[in-house]
Amino acid sequence: MRLQSISWAVAVVLWLSVAGSPLRAALWITGYYPQYEQSQIAVSKINFATVTHVIHFCLEAEPDGTIDSADNGLTETACSSFVATVHNGGRKALICVGGAGSEAGFEGATTPDNLPSFVSSLAGFMSSNNYDGVDIDWEPLSSADVPQYTNFVKALRSALNKYSAQKLLTVAAPAYPEYGDSPTAEYTMFASIEDQFDQINIMTYDLSGPYEGWVTWYNSPIYDGGYTFPSTGGLVPSDNGAVDNFIANGVAPGKLAVGLPFYGYIWLGVTQPREGWSSTNTPTFSAFTYQTIVNTYYQSNCYHWDTVAQAAYLSLTNAQPANDMFISYDDASACQTKVSYARNRGLGGIMIWELSQDYFANRSAGQETPLVQALSQSLATPQIESADIQGGSVAFSFSSLPLAEYRILWTSNLNGGAWETLSNNIPGTGGLVWITDQIGIGAGARFYRVQTPP
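To start, this report covers the structure provided alongside it. The model shown is predicted, which means the values in this text are computed figures rather than measured ones.

Further remarks concern the sheet that holds strand E14 (residues 303–306). One open sheet accounts for 5 strands, arranged E13-E12-E16-E15-E14; its pairing is antiparallel. What marks the edges here is a single partner per strand, and that holds for strand E13 (284–289) and E14. The mean angle between the axes of side-by-side strands here comes to 25°, regardless of whether they run parallel or antiparallel. Bridge count between strand E12 (residues 263–268) and E13: 6 bridges; the pairing is antiparallel. Note on E13: the bridge partner recorded for tyrosine 265 is alanine 287. Those strands touched by helix H7 (residues 290–297) are E12, E13, strand E15 (311–316) and strand E16 (325–329), and its axis lies near 105° from that of E13.

Structure representation (structure tokens):
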């Protein structure tokens, strides 16, 4: 059996190396850049080798159908500099409209009387400033907004289609319905208009809080681990739960991205996930950037990785219990695991909120953005290095990565055949890992793929 007859199965979970030329799994990495954070991180400091789309945050929708660019610093000079820098980096630049608390503005701007002028203003701002598209961030989005939201998306898509150069339309979509809303209304709406969007980026963060009947929980865990609220018996929220809801209601996985927060939450008065509290002793709860958490609170002996939820946290105990801390945040491991998750679910990409929160100005060149670097490393793995015949067995090597584990699968039938496990839980080393299939030779056609967790 000649080496050339070995076939490598291409899955969304891997890089495939053909004659030494790696082909990257095509996940988009979309990052938000608030103009008001320019003093924290210059646009030129964005890692354009990793981030594929940069969304300029943000225009505000006014109830009369106009847009406000002044409040968030989107001057002509700022927009021109941003777009030019992103384009020089070989990436797409989009303009966002909306943000937290923007619902009332959108509701007024998208009435039948105001919608035409609102869409015209958005498209005109995008075009005159040379952006590559528009991002919609309508927050909160309730089921009552569905008719106007749908009309707005279709009208804006129609306006963008009139340009000779392709213009993108993306959306920051809620992970779960608003409290008291229909459990499926928003999901079915996105399924009905998914063809209008290039990216549906799910805001899979802010998934916890000191709410009545809740327990301490993570900001952006991949899995719920089967854990339920003691008060209701319902599953706690998770990235996977939100993704399942979108897909189950008809949204194609390839249109979706999971959200990756570059910030976390500090709970005071508790130290662990899944803790309850008395009605007279509700914990306080505040958001902090990844940079602040690492610089101010990180202690290696207090770090934990929840292998079930796939989430990182710090547990800090103080002399005064009121000062105990449970800190939920996404670190390098979470970044790499979310890339694996997106690949394994066949999703379109990863969305970051937001790029300035990962920037360490006092670090050496190339080390300023550790979370984006973690994404970059995980996108570059696993890469098949070589295949060989050794002692009557098929042997191949791939370069792997710290903080990850891999599974090697094989099948004899790519047309619906079952994938069998050859090797499992192979630790990443940062170097080459050799895997041998002792029955690969003479066993007929065998196809191999590499899968990453979770």
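Looking now at the environment of aspartate 306. Turning to its location among the elements, aspartate 306 is positioned in strand E14. Assessed through its relative accessible area of 10%, aspartate 306 is described here as buried. Apart from residues no more than four positions distant in its own chain, aspartate 306 is found in contact with Tyr218, Arg274 and Ala311.

Another aspect to go through is the pattern of salt bridges. Note on pairing: side chains with opposite charge can pair once their charged atoms come close. In total, this model carries 5 salt bridges according to the counting rule given. Where arginine 157 meets aspartate 198, a salt bridge forms, and the shortest distance between an N and an O atom there is 3.2 Å. Separated by 41 residues along the polypeptide, arginine 157 in helix H4 (residues 146–160) and aspartate 198 in the loop between helix H5 (185–193) and strand E10 (199–203) bring together distant segments of the chain. For arginine 157, a relative accessible area of 10% gives the class buried. Aspartate 330 is paired through a salt bridge with lysine 338; the nearest N and O atoms lie 2.7 Å apart. Residues aspartate 330 and lysine 338 agree in their burial class; the two are buried. Because the salt bridges share partners, they merge into one network encompassing Asp239, Asp330 and Lys338.

Summarising burial for strand E9 (residues 168–174): 7 of the 7 residues are buried, a large majority. Judged by which residues are buried, E9 turns out to be covered on both faces: Leu168, Thr170, Ala172 and Pro174 on one side and Leu169, Val171 and Ala173 on the other are all buried. Bridge count for strand E8 (residues 133–138) against E9 is 4 bridges, and the pairing is parallel. Bridged to aspartate 135 within E9 is threonine 170. The parallel pair E8 and E9 is bridged by H4, and the resulting crossover is right-handed. Taken together, E9, H5 and E10 constitute a β-α-β crossover, and its handedness is right-handed.

Every α-helix carries 3.6 residues per turn, so stepping three or four residues along brings you back to the same face. In a regular helix each residue adds 1.5 Å, so 15 residues correspond to 21 Å; H4 covers 21 Å between its end C-alpha atoms and thus fits that length. For H4, the full list of buried residues reads Val146, Tyr149, Thr150, Phe152, Val153, Leu156, Arg157, Ala159 and Leu160. Those residues of H4 that are buried are in contact with helix H2 (103–109), helix H3 (115–128), E8, E9 and H5.

Core analysis: the biggest nonpolar cluster contains 86 residues, and Ile136, Tyr149, Phe152, Phe190 and Phe197 have the highest contact counts within it. Contact partners of phenylalanine 197, with chain neighbours within four places excluded, come to Ile136, Tyr149, Val153, Leu169, Thr170, Val171, Phe190 and Lys255. One finds Tyr32, Val236, Tyr263 and Tyr313 within the second-largest nonpolar core, a separate group that totals 25 residues.

The next thing to look at is the packing of aromatic side chains. Scanning the entire structure with this criterion turns up 34 aromatic pairs. Considering the side-chain rings of phenylalanine 125 and tyrosine 131, the 6.3 Å spacing of their centres and the 20° angle between planes classify their relative orientation as stacked. A single burial state applies to phenylalanine 125 and to tyrosine 131, both of which are buried. Ring geometry for phenylalanine 288 against tyrosine 297: centres 6.0 Å apart, planes inclined by 65°, an arrangement best described as edge-to-face. Classification of tyrosine 297 by relative accessible area gives buried; the value is 18%. Linked through ring pairs, Tyr205, Trp217, Tyr218, Tyr227, Tyr263, Tyr265, Trp267, Trp277, Phe285, Tyr313 and Phe326 together constitute an aromatic cluster. Seen from the ring of tyrosine 227, arginine 274 lies directly overhead, with NZ or CZ sitting 5.5 Å from the centre.

For the pair helix H8 (residues 332–345) and helix H9 (residues 370–379), interaxial distance at closest approach is 8 Å and the crossing angle is 40°. By the angle between their directions, the pair H8 and H9 is classed as oblique. Here the hand of the crossing between H8 and H9 comes out right-handed. The residues of H9 that touch H8, namely those facing Ala332, Cys335, Gln336, Val339 and Arg343, are Leu371, Ala374, Leu375, Gln377, Ser378 and Leu379. Grouping the constituent residues of the contact of H8 with H9 by class yields 7 nonpolar, 3 polar and 1 charged.

For the rest of this paragraph, the subject is the environment of glycine 65. Relative to the helices and strands, glycine 65 resides in the loop between strand E5 (53–61) and strand E6 (67–68). The class of glycine 65 is buried, set by a relative accessible area of 2%. Distance in space between the C-alpha atoms of glycine 65 and aspartate 113 is 8.7 Å, their sequence separation being 48 residues. Apart from the residues lying within four places of it in its own chain, the contact partners of glycine 65 are Ala109, Asn114, Ser117, Phe118 and Ser121.

Attention now moves to unusual backbone geometry. The residue after phenylalanine 57, namely cysteine 58, is reached through a cis peptide bond having omega -10°. Note on placement: cysteine 58 falls in strand E5. With an omega of -20°, the peptide bond running from tryptophan 353 to glutamate 354 counts as cis. Within the secondary structure, glutamate 354 is located in the loop between strand E17 (349–353) and H9.

The next point concerns H3. For H3, which comprises 14 residues, the first-to-last C-alpha distance of 20 Å matches the rise-based estimate of 20 Å (1.5 Å per residue) to within 8%. When we look at burial in H3, the residues that qualify are Leu115, Phe118, Val119, Leu122, Ala123, Phe125 and Met126. Seen from one end, H3 has its buried residues packed into an arc of 160°, which puts them on one side. Set apart from the buried face of H3 by more than 90 degrees, the exposed residues are Pro116 and Ser128. Following H3 by one or two positions, asparagine 130 adopts a phi angle in the positive range, close to 70°.

The rules behind the values
Residues numbered from 1 in each chain as written. Predicted model: local features only at pLDDT ≥ 70, side-chain atom pairs only at ≥ 80, totals over all residues. Heavy atoms only, no water. Pairing = 2+ DSSP bridges. Helix = DSSP H or I, 4+ residues; strand = E, 2+ residues; numbered from the N terminus. Axes fitted to C-alpha atoms, helices over the stretch in contact; angles between N-to-C directions. Contact = heavy atoms within 4.5 Å. Buried < 20%, exposed > 50% of the residue type's maximum accessible area, 1.4 Å probe, protein only. Salt bridge = Lys/Arg side-chain N within 4 Å of Asp/Glu carboxyl O. Right-handed = clockwise from strand over helix to strand, strands pointing away. Expected span 1.5 Å × (residues − 1). Core = buried A, V, L, I, M, F, W, Y, C linked by side-chain atoms within 4.5 Å. Phe/Tyr/Trp six-rings, centres within 6.5 Å; stacked < 30°, edge-to-face > 60°. Lys NZ or Arg CZ within 6 Å of the ring centre and 35° of its normal. Parallel < 35°, antiparallel > 145°, perpendicular 65-115°, else oblique. Left-handed = near helix turned anticlockwise from the far one by under 90°. Nonpolar A, V, L, I, M, F, W, Y, C, P; charged D, E, K, R; others polar. Arc of directions from axis to C-beta.

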